[in-house]
Amino acid sequence: MKRGPILLAAGLVVVAADLLPLALVAKQAFTPEAESFAWPPTWIPATLTADNFRALRSAAELEYGFFLSGTVALCSALGTLSLALPAAWVSARHPRLDRPLDALMVVARAFPSIALAVPLAALFVRAGLYNHPAGLGLWFAHTLLGLPFAFLVLRTGFASVPRELEEAALLDGATPLGAFWRVSLPLARSSVAAAAVLVFLVSWDEFAYALLLQVTNRPLPPLLYYLAAFGHPGMASAMAVVMLVPALAIIALLEPALRAGVLAGSGR
Amino acid sequence: MRKLFPALLSLSLGACVPAREVLTVAVALLPGELPAYRSVISEFERETGTRVVVVPQQYADIRRALAAEALAGRGTLDVVELDVYSLAMSARDVAPLDEMALGEALRALSPKALRAGRFDGLRYLPHRISWQALIYNRAALQRAPETWEELLAVAQKHPGQIGIKGALYEGLTCDLLPFVWAAGGSGESFEERGAERALAFLAALAPYLHPQSQVFKEAGIAEAMARGEIVLHLNWPFAMSLFASQGLAPGEIASAPLPRGPSGRATVLGGGYIGIPRSAPHPASALQLAQFLIGRRAQERLRAELGWFSARTDIPVGDGGELLAGFAQMRDEVRPRPERPDYLRLSREWQEAARAVLFEHRDPREVLAAAAQQWRAARRDAP
Amino acid sequence: MRQLPGAPRRGRAAASLALPMIAYFALFLAYPTAHAVRLAFTDPFSGAFPSAENFRLLRADPLFWRALANNAILPALSVALEVILGLALALFLSLRFPGRRFLRTAVIVPFALPEIVFLTAMRYVFAPRGYANGALVLLGLPPVEWLLPGRVATLATVVAADAWRVTPVVFLLFLAALASIPEEIGEAAVLDGATGWRRLVHITLPLLRPALRAALLLRGVDALRIFATPLVVAGAEGAPVLSTYAYHQWSDYGNEGMAAAAATALALLSAVCAAPLLRREVRR
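Novice: Looking at this structure, I do not really get the pattern of salt bridges. What am I missing?
Specialist: Taken as a whole and assessed by the stated rule, the structure comprises 40 salt bridges over all chains. Linking Arg 303 of chain B and Glu 300 of chain B is a salt bridge whose minimum nitrogen-to-oxygen distance equals 3.0 Å. Placement of both Arg 303 of chain B and Glu 300 of chain B in helix H13 (residues 296–306) is noted, with a separation of 3 residues, approximately one turn of the helix. Look at Arg 303 of chain B and you get buried, because its relative accessible area is 17%. As a salt-bridge pair, Arg 219 of chain C and Glu 82 of chain C come within 2.7 Å of each other at their nearest N and O atoms. Here Arg 219 of chain C is found in helix H11 (residues 209–224), whereas its partner Glu 82 of chain C is found in helix H4 (residues 62–94), with 137 residues between them in sequence. The buried category is assigned to Arg 219 of chain C, whose relative accessible area is 8%. Shared partners join several salt bridges into a network, and the residues in it are Arg 109 of chain A together with Glu 82, Arg 219, Asp 222 and Arg 225 of chain C.

See below:
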């Protein structure tokens, strides 16, 4: 008896159940609000409409939200990479230094965002970074958040670059920095790319710091929270769908890295 | 593209290209109110050619943003809407308004409402006002209780069906203060006769409360009313719209004025007032926008499309129909909450006192004495 | 390890490469934490320092104690659920059948999407007139109050929502561990006549012990930080945990001191639970 198709069918059922809530939100986005209020709820859309998206577009400052989310993600990705690259390389090459750095990463990972966000908010207010129109305060917070992830991925990447190639370059008279730049970095390219995309995604999705540090100049996640917590399903679902599209695109970007197991061990 | 385009433009081209002026106004709008409000704003945009960005956010968050921008000395908000009871707290962060420039618009506003916006000069304008009325089940009660005695009689006849918003939050104060005022108290002292009488009355009411009263907030209590679990409660106008959309009002559920106590009756002033932050980037245009928002056309449209009450004397409460009749009748008995910077703490003390009486069944005199002591200690420690 | 010429000097130079990152942590992690501790021990009314007033206020607040209890129960249940589901999924998707690669990617989606999007979906699923109740009604069952504030059911709902979202992490971990089990072990067992079930229990599971330990430690510490899930799905008072309690105090009441105190308590709890992780790293 062929096991394959049965297993595939079972798998598809599991995945369908797993993703059902998202499908329902998508349904709500494309059906009129009245239908979303119906009881019992409809599972298959009776009428399709773009009204929710129109209302969203005319009412909410979507473009600004995208701009802010994107800017913060980009800048924190750059910040994270510039800090994590050298540190990860050091960790990969010098086991004695790796242990304290790794311990630091554990501490950073374990740290509750709220424990940082409250004092950060207070400190940022004094520094004029709270609720910044370009999300400056959030850049800093997200860079901090992304460091453990980037560090782990990059360290794995550098660890897989054979030492001998670096040492050969050093013997040829290159400086350590030169060896790093011309030998290790190019060879760890895929890890760097994966780390960059990962950190971008972490920042793009992030909710807690965004909620606490940006109150009237909001990136997309707190905006969606506001629409969902205080409003009706229509606009909130439309917003959720709008946020889904870039996220799915980024996942598609990351998928090859996922398969290659580059992200294993980063815990994300 | 309202914020994005000018931002990019000024970033890339420097000061050579003058960016179109963009005003930012923060209002406590529910997402459902956004489209209607935006369309009212777009009238202003058409008239003046100035773009306006509307930021919906909770009052507490707007307050926080305002405070942060005031501290920094520069900000992004041109007009902010604040909860009526937090006006005193944020008075230092908003600039006094040019009454000469506003002139005509001010004359149409109710003097009492306007007074609530004065803190060492006029700093706030009533954007929308609101108050609570008694909401009762006509099928069960035939007519609404008009005095405290009648209210108690109703409670005794319908045990477990009286609703009070008893969660530990500002809404509880809004349910409590009308009783304190109706008993002659001011709401600013725990040692007044009025406070004692009000809490004694609540203690008498306590055995007849709905069991969920301890966690009731506006939304929950309205749902309980709709389900028929309670026969009366206090609530804001939105509840009547909710019942109307469910077909329960104006038939089965109706509004009525609050019951009269020993010293008359009163209800709490709610709603939002707008102010111009000291750190506003475009103060002149902000004043124009504020003037527009309290103007006849804007207020009329807000009433028609969002059901907001206006402080303008030339705009009626509701549409004069049966739905908001109880609210309309209380128009002259609306009182603002104590206007003081430490109001939130005072309110918290009241909430705890009320909860002690209502849910822990403690003696009102004891509770008030303890509250008075705590309040004295807190004020001594306060900077 | 062969020492290249100038190695000690390079070692020091290398260490300096990690300095920017360490400095960043000092500035944005250590300093704010110190500030939070200071806030927690500052009297909220008089500004006196040190003062235990905030902690006294916490002690007197029943909501805080519920948050503390929930902060222990919720992560424990959620991690348990994730481990079971993640392991089951990993075992299932390690079997050879066509389309499993697609399924592996699809299963990750709830975690890969923005947290707020998934949690919004959960809100609508568990709303009083939501899809969960809709499904129950379809089956002829009475609807359930999934998210009434303060009930046990609410906690269970939040646990379910959290596990639903985070299981992919544990799944990936087990998947990688399973992939690293050499083929020969499985084949040897088959040759010895062991059935699938026995193979699983006596060979695979014991080999997965390190992965299980890693999963429990990693997720256990992570789960303590839970914030968005209870906040978005159940509201600040629905299923309070320390982080939402701190947020509630800070945002709705403006009680910075109490928020900092609750957050400090949470950080301490996390530190205690993360200690085993640290010991493991240091021993390596």
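Novice: Looking at this structure, I do not really get the nonpolar core. What am I missing?
Specialist: Buried together is how nonpolar side chains tend to be arranged in soluble globular proteins. Membership of the largest hydrophobic core comes to 297 residues, with the highest contact counts inside it found for Leu 154 and Phe 158 of chain A together with Tyr 37, Leu 125, Phe 243 and Leu 289 of chain B. Considering each element in turn, this core owes the most residues, 14 residues, to helix H4 (residues 62–93) of chain A. If we ignore the near neighbours within four places in the chain, the residues touching Leu 154 of chain A are Leu 81, Ala 84, Leu 85, Ala 88, Ser 191, Val 192 and Ala 195 of chain A. Ranked by size, the runner-up nonpolar core spans 6 residues in total, among them Val 106 of chain A together with Val 221, Ala 274 and Leu 277 of chain C.

Novice: I keep staring at the interface of chain C and chain B and nothing clicks. Help me out?
Specialist: A common way to report how large an interface is uses the accessible area buried once the components associate. Taken together, the 8 residues of chain C in the interface contact 13 residues of chain B. With both chains or domains summed, chain C and chain B bury close to 990 Å², and 43% of this area falls on carbon and sulfur atoms. Considering only the side of chain C, the residues that lose the most area to chain B are Phe 45, Ser 251 and Tyr 253 of chain C, jointly responsible for 50% of the buried surface there. In this assembly, chain C and chain B are joined by 2 residue pairs in polar contact (both at pLDDT 80 or more). Class assignment for the residues of the side of chain C that touches chain B results in 3 nonpolar, 3 polar and 2 charged.

Calculation criteria
- Residues numbered from 1 in each chain as written.
- Chains lettered and ligands numbered in written order.
- Predicted model: local features only at pLDDT ≥ 70, side-chain atom pairs only at ≥ 80, totals over all residues.
- Heavy atoms only, no water.
- Salt bridge = Lys/Arg side-chain N within 4 Å of Asp/Glu carboxyl O.
- Helix = DSSP H or I, 4+ residues; strand = E, 2+ residues; numbered from the N terminus.
- Buried < 20%, exposed > 50% of the residue type's maximum accessible area, 1.4 Å probe, protein only.
- Core = buried A, V, L, I, M, F, W, Y, C linked by side-chain atoms within 4.5 Å.
- Contact = heavy atoms within 4.5 Å.
- Buried area = accessible area lost by both parts, 1.4 Å probe.
- Polar contact = N/O pair within 3.5 Å; in protein donor to acceptor, adjacent residues only side chain to side chain.
- Nonpolar A, V, L, I, M, F, W, Y, C, P; charged D, E, K, R; others polar.

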